[in-house]
Amino acid sequence: MADYDLIIIGSGPAGMTASIYAARANLSVLMLDKLAPGGQIINTNEIQNYTGMGTINGAELAIQMYQHTQELNVAFDYRTVKEIREENGEKLVCCVEEDKVYTAKSIIIATGTRPRMLGVENEKQYAGHGISWCAICDGAACRGKDVVVVGGGNSAVEESIYLADIVKSLTIVTMFDLTADPMACDKLRAMDHVTIYPYQDVLGFYGDSKIRGIHFKSTKTGEENKVDCDQVFEYIGLTPTTEPFKNLGILNQMGYVEVDAMMKTKIPGIFGAGDCVTKNLRQVITACADGAIAAQSAAHYVQNL
Ligand SMILES: Cc1cc2nc3c(=O)[nH]c(=O)nc-3n(C[C@H](O)[C@H](O)[C@H](O)COP(=O)(O)OP(=O)(O)OC[C@H]3O[C@@H](n4cnc5c(N)ncnc54)[C@H](O)[C@@H]3O)c2cc1C
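Worth saying up front: this structure is predicted, and the values here are computed from it rather than measured.

Got a minute to help me understand the pairing of strand 12 (residues 169-173) in this structure?
A regular strand carries its side chains on alternate faces of the sheet. The element strand 12 is extensively covered by neighbouring structure, given that four of its five residues are classed as buried. After leaving strand 11 (residues 146-150), the chain enters helix 5 (residues 154-164) and then returns to the sheet as strand 12, a path that is right-handed. Taken together, strand 12, helix 6 (residues 182-189) and strand 13 (residues 194-197) constitute a β-α-β crossover, and its handedness is right-handed.

As structure tokens, this is what we get:
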């Protein structure tokens, strides 16, 4: 007899929404996360595009979502999942901590993504010591300092707007032009202390024990530039956090979980949801929508066993 009808791996917006729908469908549910519930929104300053919320702090939204799961008595355990296996028709969720193994009738993988790195000179050396991927965590220490943001998409622009209120100068170095929401881009462009370098390849970082600046090259003219700074924030895209599921044969070449419109993978009883699945728009609202659909599919699967 399986421990749970459904185990959800990851407690970001996708996992938490899945747990709410599954609990309301009377499934016994366990949600696992290696970190505190909330996922990436914990480290997001303002979310301005989640319907009905206006502007809300990311951590506050995470708390509200978690409270909602607890009103439905969803079980939660701090665990890092390292593998999923099938044995005698049961699904085994294998965790790092104490080699704990849970069994389930169905599983939703909602493990999200992590920031991609540039892979350039001195990046590893300054990672966590001058290069950060989290403006909420490290932005406060940048008051009155010269700061560089690498990237020009939605995350880069949103976090730049947040940082612009704190820092002395903000330089944005991006591979193309700013590609984020036009209203947000216009807001940034209108700020006097913000300089934008579009169409640039980052060559590396320089400094001593501390980062001192960034070196980049125009992809249009080949002109090289160095900008001195105290801190760099990188927002250049995402890598799916799906390494534990490689053995299942359900990932695409980029490592995203391949799902259909009902969030089913090709393995019966295993579903995907949120940023870790193949899709075009990775946002809180789409993660929640995936979670709802995945939970409904899991409920149908369990009821038909
Ligand atoms: C800087 C930034 C700003 C953003 N701003 C916005 C915004 O304004 N509006 C918006 O809609 N979206 C925004 N997003 C995107 C949004 O945060 C994501 O789309 C959303 O969090 C995805 O939810 P998820 O549940 O799929 O994954 P995640 O939020 O990534 O959660 C995945 C969870 O899985 C856990 N996990 C991973 N691997 C394991 C494992 N092996 N075992 C156990 N647990 C595991 C992680 O710890 C994490 O808690 C932003 C993202 C970033 C990075």
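Explanation requested: the packing of helix 1 (residues 13-24) against helix 7 (residues 284-303) in the structure shown.
Any two packed helices are characterised by how steeply their axes cross, that is the angle between the axes, and by the distance between the axes. Following both chains from N to C, one finds helix 1 and helix 7 inclined at 35°, their axes separated by 7 Å at the closest point. The interaxial crossing formed by helix 1 with helix 7 has right-handed handedness. Contacts between helix 1 and helix 7 involve Pro13, Ala14, Thr17, Ala18, Tyr21 and Ala22 from the former and Val284, Ala287, Cys288, Gly291, Ala292 and Ala295 from the latter. A per-class count over the contact of helix 1 with helix 7 returns 10 nonpolar, two polar and no charged.

Just checking my understanding: could you explain the sheet that holds strand 14 (residues 200-207) for this structure?
The strands that make up a sheet are held in pairs by hydrogen bonds between backbone atoms, and each pair lies either parallel or antiparallel. Across the sheet, three strands lie side by side as 14-15-16; this open sheet has antiparallel pairing. Unpaired on one side and paired on the other, strand 14 and strand 16 (224-228) mark the two borders of the sheet. On average, each strand axis in the sheet is inclined to that of its neighbour by 25°, with strand direction left out of account. As paired strands, strand 15 (residues 211-218) and strand 16 are joined by five bridges and run antiparallel to one another.

Sorry if this is basic, but what is going on with the site of the ligand here?
Around the ligand there are 34 residues in total, and Asp33, Gln40, Glu158, Asp275 and Val284 lie nearest to it. Note that a nitrogen atom of the ligand is positioned 2.9 Å from one of the side-chain N or O atoms of Asn49. Looking at which element gives the most residues to the shell around the ligand, the answer is helix 5, with three residues. Across the shell around the ligand, the residue classes break down as 11 nonpolar, 15 polar and eight charged. When residues of the shell around the ligand are sorted by domain, at least three fall in each of domain 1 (4-114 + 238-303) and domain 2 (123-234).

Looking at this structure, how should I read the domain arrangement of the protein?
Interfaces are often described in size by the accessible area the parts lose on coming together. Taken domain by domain, the protein holds domain 1 (4-114 + 238-303) and domain 2 (123-234). Centre-to-centre separation of domain 1 and domain 2, based on C-alpha positions: 32 Å.

Before we go on, may I ask you to explain the environment of Asn49 in this structure?
Note on placement: Asn49 falls in the loop between strand 3 (46-47) and strand 4 (56-57). Look at Asn49 and you get partly exposed, because its relative accessible area is 45%. The spatial distance from the C-alpha of Asn49 to the C-alpha of Val194 is 24 Å, given a sequence separation of 145 residues. In this view, Asn49 contacts Gly54 and Gln283; residues no more than four positions away in its chain are not counted. Polar contacts involving the side chain of Asn49 include one to the side chain of Gln283, which spans 2.8 Å.

Explain the nonpolar core to me, please; I cannot follow it from the model alone.
General note: in soluble globular proteins, nonpolar side chains tend to be found buried as a group. Of all hydrophobic cores here, the largest spans 54 residues; its most connected members are Ile108 and Ile109. The greatest single-element share of this core, amounting to eight residues, is contributed by helix 7. Judged by nonpolar contacts, the second largest core, of 23 residues, contains Val147, Ala164, Val167 and Ala184.

Which parts of the structure should I look at to understand the pattern of salt bridges?
Enumeration over the complete set of coordinates arrives at 13 salt bridges. Across the pair Asp99 and Lys82 runs a salt bridge, and its minimum N-O distance is 2.6 Å. With a gap of 17 residues between them, Asp99 in the loop between strand 7 (90-95) and strand 8 (101-109) and Lys82 in strand 6 (residues 81-87) connect regions that are remote in the sequence. The exposed category is assigned to Asp99, whose relative accessible area is 51%.

When you look at the environment of Ala2 in this model, what are you seeing that I'm missing?
Looking at the secondary structure, you find Ala2 in the segment before strand 1 (4-9). Residues Ala2 and Ala104, 102 residues apart in the sequence, show an inter-C-alpha distance of 4.9 Å. Discounting residues that sit within four places of it in the chain, Ala2 has contacts with Glu90, Thr103, Ala104 and Lys105.

The rules behind each value
Residues numbered from 1 in each chain as written. Predicted model: local features only at pLDDT ≥ 70, side-chain atom pairs only at ≥ 80, totals over all residues. Heavy atoms only, no water. Buried < 20%, exposed > 50% of the residue type's maximum accessible area, 1.4 Å probe, protein only. Helix = DSSP H or I, 4+ residues; strand = E, 2+ residues; numbered from the N terminus. Right-handed = clockwise from strand over helix to strand, strands pointing away. Axes fitted to C-alpha atoms, helices over the stretch in contact; angles between N-to-C directions. Left-handed = near helix turned anticlockwise from the far one by under 90°. Contact = heavy atoms within 4.5 Å. Nonpolar A, V, L, I, M, F, W, Y, C, P; charged D, E, K, R; others polar. Pairing = 2+ DSSP bridges. Near = heavy atom within 4 Å. Polar contact = N/O pair within 3.5 Å; in protein donor to acceptor, adjacent residues only side chain to side chain. Domains from an automatic or database assignment. Core = buried A, V, L, I, M, F, W, Y, C linked by side-chain atoms within 4.5 Å. Salt bridge = Lys/Arg side-chain N within 4 Å of Asp/Glu carboxyl O.

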